[in-house]
Amino acid sequence: MTEIDSIVAERTHQKFLLRATIRRFCVRLFILYFFTVSGAFLFRWAEGMRELEFKCGVKKVRRDFLDTLWQGSQSSYMKEEDWKSLARRRLLKFEEELHGAFEAGINSYSGQKSWSFLNAIFYAITIMTTIGYGHITPITALGKLLTVLYALIGIPIFSIILGDATKVISRGIKLFLTRNGDSGIVIDDELRLPLKTALLALFLYSVPGTIFFYLWETDWGMMGSFYFFFVSTSTIGFGDLVPQSPLIVVIFSVYFLFGLALTAGVLSLIQEKLENVMRVLTDYVGDILGVTTQCPAPHPRE
């Protein structure tokens, strides 16, 4: 077998491994979606009833307040002082109900539910990815307990699938870079690339998402859209920018999954580059402070 035949056979084998990795990733992704939907049902059941209870209470007090105002305005026997006193009492009760609901985490009193099924899916995704935007949180003891239990199982499951996504990205990029022959890059599951290449890949990957959110979320702007992409894929998740429709996050979940894997790989490469810098800087600052930073060699066992 010639050298060219050997290279062709190796690339064919690597393509076979990539297809096998993609198939395994798709099956596990289906399992992840099933786990996400199951969690959404649980969170909606645990939190939805409590939310409905608070909103019904607020609506009832508001309705009674309006009825009181109307009846008082139509009454010719009620003095102005009496009507104002009654209105103040009803208004105070309404304010107390609003304050109680707000303290319990209800920040919307419209007919739109905070714990809709899509929002519950969004919440389950933020738990497993550890992004945690914080725009929706559980208020019941049961919901908080379910969150802890769900995280204990969901985060490891997501980490496994994130590892599969990293393998797909690594093999796909390396096969693309070595398409014209051997370039010294080893095709394996580790996302070890030149830092400039990895940064370029991350930037190019962020472009479609940035443009979409720039067009969809009209008040974000281009920089805000790119900022949202990076804050999400780096799992910082401040929560200052959150898509108005949770359906968008569900649709883009696979896109963000690969973004998380790619961003994690790039940050790992940057960390490796900074290791030597930090070592030199640590020794320098240690010398200034008079602190020994070198670890002593272990004593040989007798």
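Note: the structure precedes this text.
Scope of this entry: the structure provided in the associated data block.

Cut-offs applied
Position numbers for residues count from 1 along each chain, tracking the sequence in the order it is written. Restriction of local features to residues with pLDDT of at least 70 applies here, the model being predicted, together with a cutoff of 80 or more for giving and counting side-chain atom pairs; totals for whole chains, interfaces and linings are based on all residues. Water and hydrogen atoms were dropped before computing side-chain values, which therefore reflect all heavy atoms in the structure. Helix and strand definitions here come from DSSP, where helices need a minimum of 4 consecutive H or I residues and strands a minimum of 2 consecutive E residues; each element is numbered from the N-terminal end. Three labels apply to residues, based on accessible area from a 1.4 Å probe with only protein chains included: buried if under 20% of the type maximum, exposed if over 50%, partly exposed otherwise in between. Between two residues, a contact is recorded if the distance between any of their heavy atoms is within 4.5 Å. Space inside and on the surface of the protein is sampled on a 1 Å grid over the protein atoms alone, with a cavity defined as a set of points where a 1.4 Å probe fits but cannot get out and a pocket as an open set with protein on both sides within 12 Å along at least 5 of 7 lines; lining residues have an atom within 4 Å of a point. Grid points are joined across faces, edges and corners, and a volume is the space filled by probe spheres set on the points. Note that Gly is not counted as nonpolar here; it falls among the polar residues with everything else outside the nonpolar set of Ala, Val, Leu, Ile, Met, Phe, Trp, Tyr, Cys and Pro and the charged set of Asp, Glu, Lys and Arg. As used here, the term nonpolar core means buried Ala, Val, Leu, Ile, Met, Phe, Trp, Tyr and Cys residues forming a set that is joined through side-chain atoms within 4.5 Å. In this scheme, patches are assembled from residues that exceed 30% relative accessible area and form no salt bridge. Like charges are connected within 9 Å, while nonpolar side chains (Val, Leu, Ile, Met, Phe, Trp, Tyr) are connected within 5 Å. Here the accessible surface of atoms and residues is derived via Shrake-Rupley with a 1.4 Å probe, and residues count as covered only by protein chains that are part of the display. Criterion for a salt bridge: a side-chain nitrogen of Lys or Arg within 4 Å of a carboxyl oxygen of Asp or Glu. Whenever a helix is involved, its axis is fitted only over the stretch in contact; in every case the axis is a line through C-alpha atoms, and angles between N-to-C directions fall within 0 to 180 degrees. By definition in this entry, angles of less than 35 degrees are roughly parallel, angles greater than 145 are roughly antiparallel, angles of 65 to 115 are roughly perpendicular, and the rest are oblique. One less than the residue count of a helix, multiplied by 1.5 Å, gives the span that helix is expected to have.

## Observations concerning the overall build of the protein
The secondary structure content of the protein amounts to eight helices and zero strands. The proportion of buried residues among the 302 residues of the protein is 35%. When contacts within the protein are restricted to residue pairs at least 6 apart in sequence, long-range pairs at least 24 apart make up 70% of them.

## Some remarks on empty space enclosed by the protein
Under the counting rule described, the total for this entry stands at two cavities of 30 Å³ or more. Computed from the structure, the largest cavity encloses a volume of approximately 230 Å³. Contributing elements (two or more residues each) for the lining of the largest cavity: α1 (3-74), α3 (117-129), α6 (221-233) and α8 (253-289). The residue inventory of the lining of the largest cavity, partitioned by class, reads 16 nonpolar, five polar and no charged.

## As for the nonpolar core
In terms of nonpolar packing, the biggest core is built from 53 residues, with Phe25, Phe43, Tyr150, Ile169, Phe256 and Leu257 touching the most fellow members. Looking at this core, the elements that each hand over two or more residues are α1, α3, α4 (141-177), α5 (195-216), α6, α7 (246-251) and α8. The biggest single contributor to this core is α4, with 10 residues. Setting aside residues up to four positions removed in sequence, Tyr150 forms contacts with Phe35, Thr36, Gly39, Phe43, Ala124, Ile127, Met128 and Ile155.

## Quick notes on a nonpolar patch on the surface
Taken together, the side chains of Leu200, Phe203, Leu204, Met223, Phe226, Phe230, Ile236, Phe238 and Leu267 define a hydrophobic patch exposed on the protein surface, amounting to about 890 Å² of accessible area. Mapped by element, the contributors of at least two residues to the nonpolar patch are α5 and α6. Position of Leu200 among the secondary structure elements: in helix α5. Residue classification places Leu200 among the partly exposed positions, given a relative accessible area of 48%.

## A closer look at the packing of α4 against α8
It is the contact of α4 with α8, at a shortest axis distance of 9 Å, that shows an interaxial angle of 75 degrees. With respect to α8, the axis of α4 lies roughly perpendicular. On α8, the residues touching Phe158, Ile161, Leu162, Ala165, Thr166, Val168 and Ile169 of α4 are Leu257, Phe258, Leu260, Ala261 and Leu262. Here the contact of α4 with α8 is built from residues that sort into 11 nonpolar, one polar and no charged.

## Overview of the pattern of salt bridges
Should the charged atoms of two oppositely charged side chains come close, the side chains can pair. Counted under the stated rule, the structure contains two salt bridges. Among the ionic pairs, Asp164 bridges to Arg28, the shortest N-O distance being 2.8 Å. Here Asp164, found in helix α4, pairs with Arg28, found in helix α1; they are 136 residues apart in sequence, far enough to count as distant. Relative accessible area serves as the criterion here: at 2%, Asp164 is assigned to the buried category. Through salt bridges with shared partners, a single ionic network connects Arg24, Arg28 and Asp164.

## Structural notes on the environment of Thr137
Position of Thr137 relative to the elements: it lies in the loop between α3 and α4. Note: C-alpha distance between Thr137 and Ala120 (17 residues apart in sequence) is 10.0 Å. Not counting chain neighbours up to four residues away, the residues in contact with Thr137 comprise Trp115 and Tyr123.

## Re unusual backbone geometry
Not every positive phi belongs to a glycine, and Thr130 is a case in point at roughly 60 degrees. Structurally, the position occupied by Thr130 is in the loop between α3 and α4. On the basis of relative accessibility, which here comes to 42%, the residue Thr130 falls in the partly exposed class. For Thr235, which is not glycine, the phi dihedral falls at a positive 60 degrees. Checked against the element boundaries, Thr235 lands in the loop between α6 and α7.

## Structural notes on α3
Compared with an ideal rise of 1.5 Å per residue, which puts 13 residues at 18 Å, α3 spans 18 Å between its outermost C-alpha atoms and is within 8% of the ideal. Among the 13 residues in α3, 11 count as buried, and that is most of the element. Three or more residues of α3 are buried, namely Asn119, Ala120, Ile121, Phe122, Tyr123, Ala124, Ile125, Thr126, Ile127, Met128 and Thr129. Directly beyond the C-terminal end of α3, a positive phi value near 60 degrees is found at Thr130.

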